[in-house]
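# Summary of structural features
Residue-level listing of the chains:
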Amino acid sequence: MAEAASDLRFDLVVATVDRTEDLDALLGSLDAQTHRAFRLVVVDQNDDDRVKRMLAAHPALEMLRLWSPRGLSHARNVALPSLDGELVAFPDDDCVYAPDLLERVAARFADDPELDGLCGRPLGPDGRATGRWPSTAQTVTPETVFHTAISHAIFLRRGVVERTGAFDERLGLGAGTPFGSGEEIDYLVRALRGGARLEYDPSIVITHPAKQPGADELIALGRREGAALGYVLAANRYPPQTTLRLLLRPLLASIAFGALLDVTRARFQLATLAGRLRGLSAGRGRR
């Protein structure tokens, strides 16, 4: 017998550091959820009591507060042994949920008992897309996961999390490595290769701020995210044709932007290419 959507319980794992107003906005959006079967698992990475004080201001929320040194993947791994909900999500500490979000996600899982994971898309506070996201629903595969998944818009059955295991702590913000992102992509690739069925649904929307980096920040971002992608490709043994395609893309883009005399974006693409090459070399070590 299929489980009722109202009975599906979420664990929402939030790793937080250095945020106050943004975290309070997330907590306020959780206070407003129409689906009430959830627990907030906060992994506090601060050296003060700001999070404790903020959580106290939202007494209606069921919460578990843990502590971890800095590092996003490490913080999430600290939370994994405490999970007991049927569904697991990893909202960023600066995102916001629409009031009916958890209700809609729970309904989707209840309607499809074979569904292992659901991926939504981010929108900025102005309602605009933050990046390029498909406009149509589709099955997530190792080839499409790069543009159909982002960590704060992923919902997984706990069984998938238990089978997939820990996040790779060399990936993600605060890891102390050159690979400052990509931890959720690596995680989902491993879940997919373990037999999980994941779907992307663009109607599942999470509000997340869109940042506009300056030229130097943009180039550093390209180098960091490029390195993370290269690491994921190598660590998960992607076929050579996929790797080649993802190396050619920034190379050709840098040439195109150079021809348009757009120096900043040409440099960004070259930094992305250099990062991917560096990540490919490092990722082979995880095999």
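Structure shown above.
What counts and what doesn't
- Residues numbered from 1 in each chain as written.
- Predicted model: local features only at pLDDT ≥ 70, side-chain atom pairs only at ≥ 80, totals over all residues.
- Heavy atoms only, no water.
- Phe/Tyr/Trp six-rings, centres within 6.5 Å; stacked < 30°, edge-to-face > 60°.
- Helix = DSSP H or I, 4+ residues; strand = E, 2+ residues; numbered from the N terminus.
- Buried < 20%, exposed > 50% of the residue type's maximum accessible area, 1.4 Å probe, protein only.
- Lys NZ or Arg CZ within 6 Å of the ring centre and 35° of its normal.
- Pairing = 2+ DSSP bridges.
- Right-handed = clockwise from strand over helix to strand, strands pointing away.

## What about the packing of aromatic side chains?
Taken as a whole and judged by the stated rule, the model has 7 aromatic pairs. Ring geometry for Trp-133 against Tyr-200: centres 6.5 Å apart, planes inclined by 15 degrees, an arrangement best described as stacked. In this pair, Trp-133 is assigned in the loop between β5 (117-123) and β6 (138-140) and Tyr-200 in strand β8 (residues 198-207), connecting sequence segments 67 residues apart. Pair check on accessibility: Trp-133 and Tyr-200 agree, each one buried. Measuring from centroid to centroid gives 5.5 Å for Phe-146 and Tyr-238, while their planes differ by 45 degrees, and the two rings are tilted. Here Tyr-238 lies in the loop between α7 (215-235) and α8 (240-259) and Phe-146 lies in the loop between β6 and β7 (154-157), a separation of 92 residues in the sequence. On the accessibility criterion, Tyr-238 (6% relative accessible area) is buried. Connected via pairs of aromatic rings, a cluster forms that spans Phe-10, Tyr-97 and Phe-155. Over the aromatic face of Phe-167 sits the side chain of Arg-76, whose NZ or CZ is 5.5 Å from the ring centroid.

## Considering unusual backbone geometry
Positive phi values are uncommon outside glycine, yet Asp-18 reaches one of about 65 degrees. Inspection of the secondary structure assignment puts Asp-18 in the loop between β1 (10-16) and α1 (21-31). Positive phi is not limited to glycine here, since Leu-261 has a value of about 60 degrees. Along the chain, the position of Leu-261 falls in the loop between α8 and α9 (263-283). Leu-261 sits in the exposed class, given a relative accessible area of 72%.

## Comments concerning the pairing of strand β2 (residues 38-44)
With 7 of its 7 residues buried, β2 lies for the most part within the structure. Where β1 and β2 come together, 7 bridges link them in parallel fashion. Within β2, the residue paired with Asp-11 across the bridge is Arg-39. In the classification by handedness, the crossover that spans β1, the intervening α1 and the parallel β2 is right-handed.

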